[in-house]
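Letter by letter, the chains look like this.
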Amino acid sequence: MSEPLFVEIANTPRDYAWGRVDGVAGVLGAAGTGGPEAELWLGAHPGSPARTVGDAPWATLLDWERQDGARLPFLLKILVSAGPLSLQAHPTPAQAAAGFADENDRGIPLEASHRNYKDPYAKPELIVALEDGFEALCGFRSVAEILIDVDELAARSGSDALAPWRAALAGPDGLRAGFSWLLGGGADVDLAVAALVAAAVGEERFELITRLAAAYPGDPGIAVALMLRHVTLAAGESLWLPAGNIHAYLRGAGVELMGPSDNVLRGGLTPKHVDTTELEKVLTFTASEDDHLAPVEVADGVRSYRPRIHASGADVPFELLAVTGAANVALAGPSIAIATDGSFALAAERAEGAEGAKVAVARGAAVFVTRPAQVRITGSGRLWIATAV
C-alpha cells in the first residue's frame, strides 16, 4: 500500500516515580492508570517508539524509520512532574559522538547503569508550560548572587560548615570550583549540605532547599540548586536548554521537544549514576542571564517556538508550533501533532500523492504526518505540532 499522509499514533505513559498520579491522562483528558504518569513519548526513539493506530504500513515509528531509511530529527513528549527530576546536562554533537565511541571501545554495554552515552547524538531541548506554575532550575546564577545567599545561610547556621564551599565559589573560576567541590563529596560536603538545610528551615525564600532535602536527603544536589536559576513559567512560556546547560524540572506539566537522544549526564537529585568528571566536560560554567524562548507569531493563531532564534540553536532541525484556531501551516518535513485542549481537523492542501487526505484530532489524540505538506487546520483549543525544519 502507498504511504498515507496522516497516521494516528499512541503510546503508554512512562511511570517514573517523579510523575504525577494520572498526570499524562489529566493533561490529555483520558482515563488514568491510578499510578504515576511522568512522560508520554511521541517519536521513533527505540526506548519507547510511538505505536500506529489503525491501518498503517508499519507498527511503530521506529519501523517507519527502518523501512523508509529516514530519521525523525526530534522526540516530542508530554511531561508531568509531581517532584524534582535529576540535575542534568546534555552533550554537543561532537561530545556525544566521541563519548559513544569511547564507551563502545571500552566495552561498556548499552544497558549498563553506569553508561553515560546511549547513542551518538546530541539532545537539545525546549519545554513549554501547559499550566501556570511550571518550575525548573535552569542555568547557573552569577557567583555574586550565590554568595549573597550562602553568606545569609552561613550566618543563620551559626557554624563554619559552609566556609570551604564559599571559598571555592569566591576563588578563581568560582562556578566550576564550587560545583566540583560539592560533587566531590566527603565529610565536609555532607556537613555543608546539612548546615544549608538546617539554616533554610522556616525561610520562605529558601523553601526549595527544604523541598529538595525532603525528596533527596543529604544529596549534594540540594546545594547545587542554590547555584542555579529557579524559574517559574506561566502557561505558554518556554525554556530553551542547549548543550551544556544544567537544569532540572521541579514540578508541573509541559510539552517538551528535543533531539531523539537518551544522552543524559546527571549531577545529583537522583539515585542513578553520576559521573562528575564527564559531566564537568559537558557543562558550560558561565552565568545564564535568560533561558526563556520567546515564541514567534507566524500566522493568526499560530506561534512557533524556534530554537534557531538563539545562537546555540542555530543548527537545531526542529521547531514546535502552537495552534489555537483555524490556520494554514506549511510543514517542511515529517511532523507529529497532539491536541491538549479542544479538537481539530487536519486536511492536506498540498502534499504529494495525498490530495484530499484528512484526519480528526480530538483532545488527547496524536497524528504523525509522514512527509512535507501544506495543511489546513480547523477547530479550536491547543494543538501542538513538532516539525522538522
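The notes below deal with the structure included here. This one's a predicted model, so the numbers in the text were calculated from it and none came from an experiment.

## Observations regarding unusual backbone geometry
Then, number 1: We note that Asp173 has phi near 50°; this positive angle belongs to a residue other than glycine.
Then, number 2: Secondary-structure assignment places Asp173 in the loop between helix H5 (163–170) and helix H6 (174–183).
Then, number 3: Of note, the phi angle at Leu269 is positive, near 55°, even though the residue is not glycine.
Then, number 4: Its location among the elements puts Leu269 in the loop between strand E13 (265–266) and helix H10 (276–282).

## Describing the packing of aromatic side chains
Then, number 1: Per the stated rule, a full pass over the model turns up eight aromatic pairs.
Then, number 2: Measuring from ring centre to ring centre gives 6.1 Å for Trp58 and Phe368, while their planes differ by 70°; the resulting arrangement is edge-to-face. Of this pair, Trp58 sits in the loop between strand E5 (51–52) and helix H2 (61–68) while Phe368 sits in strand E20 (residues 366–369), placing them 310 residues apart in sequence. The pair Trp58 / Phe368 is uniform in exposure class, with both members buried.
Then, number 3: Between Phe179 and Phe285, the aromatic rings sit 5.6 Å apart at their centres with planes inclined by 65°, giving edge-to-face as the arrangement. With Phe179 in helix H6 and Phe285 in the loop between H10 and strand E14 (296–299), this residue pair connects regions lying 106 residues apart in the sequence. Both residues of the pair, Phe179 and Phe285, count as buried.
Then, number 4: Among the aromatic side chains, those forming a connected cluster through ring pairs are Trp58, Trp64 and Phe368.
Then, number 5: For Lys272, the ring lying beneath its charged end belongs to Tyr16, and the centroid distance is 6.0 Å.

## Considerations on H5
Then, number 1: By the burial criterion, the buried members of H5 are Trp165, Ala168 and Leu169. What you see down the axis of H5 is that its buried residues fit within an arc of 100°, all on one side.
Then, number 2: Contact partners of the buried residues in H5: helix H4 (143–157), H6, helix H7 (187–200) and helix H9 (221–226).

## Looking at the pairing of strand E6 (residues 75–81)
Then, number 1: E6 sits mainly inside the fold: seven of its seven residues count as buried.
Then, number 2: Across the two faces of E6 the burial is the same, with Leu75, Lys77, Leu79 and Ser81 and Leu76, Ile78 and Val80 all buried.
Then, number 3: Both strand E4 (residues 39–42) and E6 contribute to a ladder of four bridges, which runs antiparallel. For Trp41, the partnering residue across the bridge sits in E6 and is Lys77.

## A short note on the pattern of salt bridges
Then, number 1: Taken as a whole, this structure holds 18 salt bridges when the rule is applied.
Then, number 2: In this structure, Lys77 and Glu39 form a salt bridge, with 3.3 Å as the shortest nitrogen-oxygen distance. Here Lys77 is found in strand E6, whereas its partner Glu39 is found in strand E4, with 38 residues between them in sequence. One exposure class covers both Lys77 and Glu39, and it is buried.
Then, number 3: As a salt-bridge pair, Arg141 and Asp149 come within 3.0 Å of each other at their nearest N and O atoms.
Then, number 4: On the basis of relative accessible area, Arg141 is assigned to the buried category, the value being 14%.

Conventions used here
Residues numbered from 1 in each chain as written. Predicted model: local features only at pLDDT ≥ 70, side-chain atom pairs only at ≥ 80, totals over all residues. Heavy atoms only, no water. Helix = DSSP H or I, 4+ residues; strand = E, 2+ residues; numbered from the N terminus. Phe/Tyr/Trp six-rings, centres within 6.5 Å; stacked < 30°, edge-to-face > 60°. Buried < 20%, exposed > 50% of the residue type's maximum accessible area, 1.4 Å probe, protein only. Lys NZ or Arg CZ within 6 Å of the ring centre and 35° of its normal. Arc of directions from axis to C-beta. Contact = heavy atoms within 4.5 Å. Pairing = 2+ DSSP bridges. Salt bridge = Lys/Arg side-chain N within 4 Å of Asp/Glu carboxyl O.

Just distances and angles here, no functional claims.
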